[in-house]
Amino acid sequence: MMAQSEIRPAVVVAGASRGIGRAIAKVAAREKRPVVLVARSHDDLAASANEVREAGSEAFMLELDLFSPDASSRLADFLTANNLCCDVLVNSAGYGLRGAATTLPIPDQLGIIDLNIRALTDLSLHFLPEMVARGRGGVLNLGSIAGFMPGPNMALYYASKSFVRSFSEALHQELRRTGVTVTCVAPGPVSTDFLQRSGADRVPLFKVLPRLDADYVAERAWRGFKSGRRLVVPGLSAKLAAFAAAWLPSAIMLPLIGRLQRRSNDPCPCGSGIKFKHCCGAHPRRGG
Ligand SMILES: NC(=O)c1ccc[n+]([C@@H]2O[C@H](COP(=O)([O-])OP(=O)(O)OC[C@H]3O[C@@H](n4cnc5c(N)ncnc54)[C@H](OP(=O)(O)O)[C@@H]3O)[C@@H](O)[C@H]2O)c1
């Protein structure tokens with residue numbers, strides 16, 4: 001059997017093939033520790049692995065679909081096979097969808113719960129007990145500024161990020177004095193594929209809010225995690241948005257966000273199949 005001393009602590013990044021996860025993997029690689037890169041796309045993972053190696057760390061690639069119910073045990077088996085343990089877990093895999101909940105495909109919306117909530121929770125619960133037993137390490141979860149408020153026309157995504165913030169902050173408190181940290185990073189819009197894939201890039205809210213660079217978010221997230229922070233909100237505009245969400249009444253916030261995340265060409269949420277602008281949008285008393 002492998003002696004405990006031969007098992008090396010690794011940084012495991014779920015969602016490491018693109019965007020913020022890939023940027024965090026690069027930052028973590030500066031610490032000269034093995035970095036395990038998890039995602040589905042082989043070529044993007046390979047490019048991410050090259051960046052980690054260039055930054056001076058050993059890179060391991062695991063092509064894994066986190067929708068799989070056995071994803072956490074397959075990751076654990078991969079770590080064991082490579083004489084690694086999960087010292088730091090970064091949960092960056094996630095996606096969102098813009099549009100009225102009554103008009104978006106149900107399986108795609110449930111997928112947000114599966115990935116942003118279930119997979120993140122499964123990985124966290126799988127690896128945290130062994131971190132606590134070792135008295136070191138932690139989890140860095142990608143929340144969002146969306147986790148501070150409900151988000152009409154992106155309802156599932158905002159709700160999933162509320163979960164991430166609540167879950168992470170509660171774990172942070174539970175694990176005080178264990179040597180293990182749980183940090184939630186909650187950025188506003190970041191220049192990655194996410195915005196275009198979710199359809200958020202086409203609505204007024206995401207056109208007016210400044211976009212942060214993924215490398216900047218990664219630096220702030222990693223620094224906050226290393227210093228044991230419960231919550232990291234990178235950038236001034238995200239801080240202002242979090243402040244507004246805490247103080248503005250829902251009667252103002254909800255219609256405002258709903259409007260800023262809607263396009264007049266969207267299908268009407270009433271189910272008529274007609275564009276919003278020709279349906280309830282043309283009769284504000286019905287459409288709100
Ligand atoms: N970009 C923003 O504006 C923004 C703002 C706030 C918060 N966030 C959050 O930050 C996180 C990262 O977002 P991003 O902007 O970096 O998005 P992104 O560029 O689209 O990257 C998403 C990552 O998740 C991976 N992924 C998606 N589905 C997966 C699956 N089923 N199994 C394994 N990996 C999967 C993707 O890899 P594969 O496709 O190769 O599997 C990719 O590496 C998300 O949780 C997002 O909600 C983003």
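Not measured: the values here are computed from a predicted model. (Residues numbered from 1 in each chain as written. Predicted model: local features only at pLDDT ≥ 70, side-chain atom pairs only at ≥ 80, totals over all residues. Heavy atoms only, no water.)

Focus: the overall build of the chain
Reasoning step 1: Per the secondary structure count, the chain includes 11 helices and 7 strands.
Reasoning step 2: With the C-alpha coordinates aligned to their principal axes, the bounding extent of the chain is approximately 70 × 35 × 30 Å.
Reasoning step 3: Put simply, the chain has 288 residues, and 49% of those count as buried.
Reasoning step 4: If you sum the accessible surface of the chain, you get close to 13600 Å²; carbon and sulfur atoms cover 56% of it.
Reasoning step 5: Between the mean site of the 35 positive side-chain charges and the mean site of the 24 negative ones, the chain shows a separation of 11 Å. (Helix = DSSP H or I, 4+ residues; strand = E, 2+ residues; numbered from the N terminus. Buried < 20%, exposed > 50% of the residue type's maximum accessible area, 1.4 Å probe, protein only. Areas by Shrake-Rupley, 256 points an atom, 1.4 Å probe, with all protein chains shown as cover. Lys, Arg positive; Asp, Glu negative; His and termini not counted. Charge placed at Lys NZ, Arg CZ, Asp CG, Glu CD.)

Digging into the packing of aromatic side chains
Reasoning step 1: Overall, the coordinates contain 5 aromatic pairs when judged by the stated rule.
Reasoning step 2: Ring geometry for Phe-163 and Phe-167: centres 5.4 Å apart, planes at 20 degrees, overall stacked. In this pair, Phe-163 and Phe-167 both sit in helix α5 (residues 155-174), 4 residues apart, roughly one turn of the helix.
Reasoning step 3: Residue class for Phe-163 comes out partly exposed when judged on its relative accessible area of 29%.
Reasoning step 4: By relative accessible area, Phe-167 is classed as buried at 16%.
Reasoning step 5: Both rings, one in Trp-222 and one in Phe-225, keep their centres 5.6 Å apart while their planes meet at 40 degrees; by these two values the pair is tilted. With Trp-222 and Phe-225 both in helix α8 (residues 214-226) and 3 residues apart, the pair spans about one turn of that helix.
Reasoning step 6: Accessibility expressed as a relative area gives 5% for Trp-222, which makes it buried.
Reasoning step 7: For Phe-225, a relative accessible area of 5% corresponds to the buried category.
Reasoning step 8: Taken together, Tyr-157, Tyr-158 and Phe-194 form an aromatic cluster joined through their ring pairs.
Reasoning step 9: Sitting over the face of the ring of Phe-148, Arg-165 holds its NZ or CZ atom 4.1 Å from the ring centroid. (Phe/Tyr/Trp six-rings, centres within 6.5 Å; stacked < 30°, edge-to-face > 60°. Lys NZ or Arg CZ within 6 Å of the ring centre and 35° of its normal.)

Brief notes about the pairing of strand β4 (residues 84-91)
Reasoning step 1: Taken across its 8 residues, β4 has 8 buried, putting it largely inside the fold.
Reasoning step 2: Pairing of strand β1 (residues 8-14) with β4 involves 7 bridges; the strand directions are parallel. Residue pairing for β4: Ala-14 is matched across the bridge by Asn-91.
Reasoning step 3: Looking at chain direction, β4 and strand β5 (residues 138-142) are connected through 4 bridges and run parallel. (Pairing = 2+ DSSP bridges.)

Brief notes about the layout of surface pockets
Vacant regions in the atomic arrangement are exposed by a probe of water-molecule size rolled over the atoms.
Reasoning step 1: If you add up the space inside the largest pocket, you get close to 1000 Å³.
Reasoning step 2: Among the elements of the structure, α1 (19-29), α5, α6 (193-198), α7 (204-208), α9 (236-247) and α10 (250-260) are those that each provide at least two residues to the lining of the largest pocket.
Reasoning step 3: Element by element, the count of residues in the lining of the largest pocket is highest for α6, at 5 residues.
Reasoning step 4: The residue inventory of the lining of the largest pocket, partitioned by class, reads 30 nonpolar, 13 polar and 6 charged.
Reasoning step 5: Around the second largest pocket sit 20 residues that line it, and Asn-153, Gly-258, Arg-262, Pro-269 and Phe-276 are the ones nearest its centre.
Reasoning step 6: At 4 residues, α10 tops the list of elements feeding residues into the lining of the second largest pocket.
Reasoning step 7: Residues that form the lining of the second largest pocket fall into these classes: 10 nonpolar, 6 polar and 4 charged. (1 Å grid on protein atoms, 1.4 Å probe; cavity = no way out; pocket = protein on both sides within 12 Å on 5 of 7 lines; lining within 4 Å. Points joined across faces, edges and corners; volume = space filled by probe spheres on them. Nonpolar A, V, L, I, M, F, W, Y, C, P; charged D, E, K, R; others polar.)

Some thoughts on the nonpolar core
Reasoning step 1: Formed by 52 residues in total, the largest nonpolar core has its most connected members in Val-36, Leu-75, Phe-148 and Tyr-158.
Reasoning step 2: For this core, the leading source of residues is helix α4 (residues 106-134), giving 7 residues.
Reasoning step 3: Setting aside anything within four residues of it in sequence, one finds Leu-75 in contact with Val-12, Val-36, Val-38, Leu-62, Leu-64, Leu-123 and Phe-127.
Reasoning step 4: Of all hydrophobic cores here, the second largest spans 31 residues; its members include Ile-20, Leu-142, Phe-225 and Val-232. (Core = buried A, V, L, I, M, F, W, Y, C linked by side-chain atoms within 4.5 Å. Contact = heavy atoms within 4.5 Å.)

Some details on α8
Reasoning step 1: Compared with the 18 Å implied by 1.5 Å per residue over 13 residues, the 18 Å span of α8 between its first and last C-alpha is a close match.
Reasoning step 2: Within the sequence span of α8, burial applies to Ala-214, Val-217, Ala-218, Ala-221, Trp-222, Gly-224 and Phe-225. Summarising the axial view, the buried residues of α8 lie within an arc of 165 degrees, below the 170-degree limit, and thus occupy one face.
Reasoning step 3: The secondary structure elements touched by the buried residues of α8 are β1, α1, β4, β5, β6 (181-185) and β7 (231-232).
Reasoning step 4: Regarding α8, its N-cap is Asp-213, as a side-chain oxygen of that residue lies 3.2 Å from the backbone nitrogen of Asp-215 further along.
Reasoning step 5: Just past α8, the residue Gly-228 takes up positive phi, approximately 75 degrees. (Expected span 1.5 Å × (residues − 1). Arc of directions from axis to C-beta. Polar contact = N/O pair within 3.5 Å; in protein donor to acceptor, adjacent residues only side chain to side chain.)

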